[in-house]
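# Architecture at a glance
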Amino acid sequence: MTQSPAVRTSGRSGPVRIGERAARTLVSELARINDPKAALLVGATPESAVLAAAIDALLPGDTLTLVPAGSASAAALREHVTAQGRWVADRVRVVDTLAEAEPAAVVVAAEPLTGTADETRATVEGLTKYLTDGAVLSVATTATPGRTAGAAAELDRQGALYGVGVDLVLRNTPPLRVYRLRYTPADAASAVGLAPAYRPSSVPLTRGMHIDSNGVAAAGIALGLAAVARATRPKSKLWLLPALAAAPVAAFFRDPERDVPEDASAVVASADGRVLSVQRLHDERFGEGEWLRIAVFLSVLDVHVNRAPVAGKVVDYFVADGGFANAMKPAAEHNVAAYTVLDTAHGTVVVAQRTGLIARRIVQRAPIGALLARGERFGLIRFGSRTDVYLPADAAEPLVGPGDKVVGGSSVIARWR
């Protein structure tokens, strides 16, 4: 069997191994949709980690269609699916060619794209024909400089135009960059049926505790400085300073798992910390009408990973210039801040990530067009800072007051009326 050039998923560089972590990243969009959906996996083989991850992600109402890779046969795939048992066999269908497949809500290329820019563009165009409205295409390429420059350049271009998420998977040989692309707009209401996305950027320490990739990098820099200091000045004890700093620096970027309330009317805290204020105000930047703003101060001891307070679609993102006043002071109103604007079933919701006296760096990972589940990680602020949540005042009832301690993704700070 010969594949159509429009769906070729490997180029002249040869096949690339996809490990368990990268496979889970590729099928993350399938895993997070709780409503019944159809998925399409192109380039599958019986031994593929991506196929195993896709099957693990299936829910009772789901269907999965498999298109064999050029090195596999449909008969071998069917035999493999049957061996998984009746539950899988009832939900997974194998077709001989892509032309036999039906459009799906999630389309995954099971092999990394490693061809030229033109070959990659042709592959992507061939796969987009099988996307339903608002569907996501998940593809990957190697992140090794120079190895697949054409594919990487084309996917970067596609990502700039249609990307709703990108993840770098370093724990793969070779490292991979996974792109999630959406070519037609998704309804904001569909975010309600999503679970928080899987993020390979967080490194697991235990089952319930991770370290954000920023923390791994910061700790690595500290240990590198210690190594240089000890090599250049072996008789000095100065190397102990960066060496001992590595652990607390990494701990600052801890990223614990959180139990998100199932109550559809709940608005959860966007960050850990203490409530500074709960007030009604007007802000014409977000539209007419009155807003309920709940401000939370994060000390250097709090978790600084930010989470979406409600389910919604990112429709705008902008950064306002300002100063770096103490986040607990009124002057912090004019600090540098990043605003993520969400379209939700209850109207517009805004999350402001504000810098503080020490915080000088805001990380926002949710591009415009992305769908966020309630409690889903979307960024972080480095060191002490403040996070504000703006809700339509006539649609939300506050449940916290100044001085209350809240936990990001878990504490209910307001409820929709």
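Residues numbered from 1 in each chain as written. Predicted model: local features only at pLDDT ≥ 70, side-chain atom pairs only at ≥ 80, totals over all residues. Heavy atoms only, no water.

With that settled, consider the sheet that holds strand β14 (residues 305–307). Spatial ordering of the open sheet is given by β14-β20-β18, a layout of three strands whose pairing is antiparallel. Edge strands, defined here as strands with exactly one partner in the open sheet, are β14 and β18 (362–364). Pairwise comparison of adjacent strand axes, ignoring direction, gives a mean angle of 25 degrees for this sheet. Inspection of the sheet shows β18 paired to strand β20 (residues 377–381) by three bridges, in the antiparallel sense. (Pairing = 2+ DSSP bridges. Helix = DSSP H or I, 4+ residues; strand = E, 2+ residues; numbered from the N terminus. Axes fitted to C-alpha atoms, helices over the stretch in contact; angles between N-to-C directions.)

Let us now look at the nonpolar core. The biggest cluster of nonpolar side chains holds 39 residues, and the ones touching the most others in it are Ile18, Leu26, Leu41, Val50, Leu64, Leu66 and Val92. When contributions to this core are tallied by element, the ones reaching two or more residues are α1 (20–26), β1 (38–44), α3 (49–57), β2 (63–68), α4 (74–83), β3 (92–94), β4 (104–109) and β7 (176–181). Of the residues that make up this core, three or more belong to each of domain 1 (20–184) and domain 3 (263–416). Those residues in contact with Val92, other than ones at most four positions away along the chain, are Leu58, Leu64, Leu66 and Val81. Listed in part, the 30 residues of the second largest apolar core include Val267, Ala271, Val349 and Ala396. (Core = buried A, V, L, I, M, F, W, Y, C linked by side-chain atoms within 4.5 Å. Buried < 20%, exposed > 50% of the residue type's maximum accessible area, 1.4 Å probe, protein only. Domains from an automatic or database assignment. Contact = heavy atoms within 4.5 Å.)

With 14 residues, helix α7 (residues 149–162) ought to run about 20 Å at 1.5 Å a step, and its terminal C-alpha atoms sit 20 Å apart, in line with that. Taken together, the buried positions of α7 are occupied by Ala151, Ala152, Glu154, Leu155 and Gln158. All buried residues of α7 lie within an arc of 165 degrees about the axis, which places them on one face of the element. Those residues of α7 that are exposed and aimed more than 90 degrees away from the buried face are Ala160 and Leu161. Packing partners of the buried residues in α7 comprise α6 (117–128), β5 (131–142), β6 (163–169) and β7. (Expected span 1.5 Å × (residues − 1). Arc of directions from axis to C-beta.)

Time to look at the pairing of strand β17 (residues 347–354). Extensive coverage of β17 is indicated by the burial of six of its eight residues. As paired elements, strand β16 (residues 337–344) and β17 share eight bridges and run antiparallel to each other. Among the inter-strand pairings, Ala338 is bridged to a residue of β17, identified as Gln353. Between β16 and β17, which pair antiparallel one after the other, the connecting turn spans two residues.

With that settled, the discussion passes to the packing of aromatic side chains. Applying the stated criterion across every chain, the model contains seven aromatic pairs. Measuring from ring centre to ring centre gives 5.9 Å for Phe286 and Trp291, while their planes differ by 85 degrees; the resulting arrangement is edge-to-face. Neither residue differs from the other here; Phe286 and Trp291 are each classed as buried. Between Phe286 and Phe318, the aromatic rings sit 6.4 Å apart at their centres with planes inclined by 40 degrees, giving tilted as the arrangement. Of this pair, Phe286 sits in the loop between β12 (273–282) and β13 (290–298) while Phe318 sits in strand β15 (residues 312–320), placing them 32 residues apart in sequence. (Phe/Tyr/Trp six-rings, centres within 6.5 Å; stacked < 30°, edge-to-face > 60°.)

This next bit is on the environment of Arg354. Position of Arg354 relative to the elements: it lies in strand β17. With a relative accessible area of 1%, Arg354 lands in the buried category. Reaching out from Arg354, the side chain makes a polar contact with the side chain of Asp388 at a distance of 2.6 Å. (Polar contact = N/O pair within 3.5 Å; in protein donor to acceptor, adjacent residues only side chain to side chain.)

The buried fraction of β2 amounts to five of the six residues, a majority that puts the element mostly inside the structure. With three bridges connecting them, β2 and β3 associate as parallel partners. Bridge pairing links Leu64 to Val92 in β3.

If you check the domain split of the protein chain, you get domain 1 (20–184), domain 2 (209–254) and domain 3 (263–416). Computed over C-alpha atoms only, the centres of domain 1 and domain 3 are separated by 34 Å. Counting residues at the interface gives five residues for domain 1, matched by eight residues for domain 3. Here domain 1 and domain 3 share an interface that buries about 370 Å² over both sides, 39% of which is from carbon and sulfur atoms. The largest contributions to the domain 1 side of the interface with domain 3 come from Arg32, Val164 and Arg182, which together make up 83% of the buried area. On the surface where domain 1 and domain 3 come into contact, there are one salt bridge. With its nearest N and O atoms 2.3 Å apart, the salt bridge here joins Arg32 to Glu376. Here domain 1 and domain 3 share three residue pairs in polar contact (both at pLDDT 80 or more) between them. Here the side of domain 1 that touches domain 3 gets three residues from one element, more than from any other, and that element is β6. Grouping the constituent residues of the side of domain 1 that touches domain 3 by class yields one nonpolar, two polar and two charged. (Buried area = accessible area lost by both parts, 1.4 Å probe. Salt bridge = Lys/Arg side-chain N within 4 Å of Asp/Glu carboxyl O. Nonpolar A, V, L, I, M, F, W, Y, C, P; charged D, E, K, R; others polar.)

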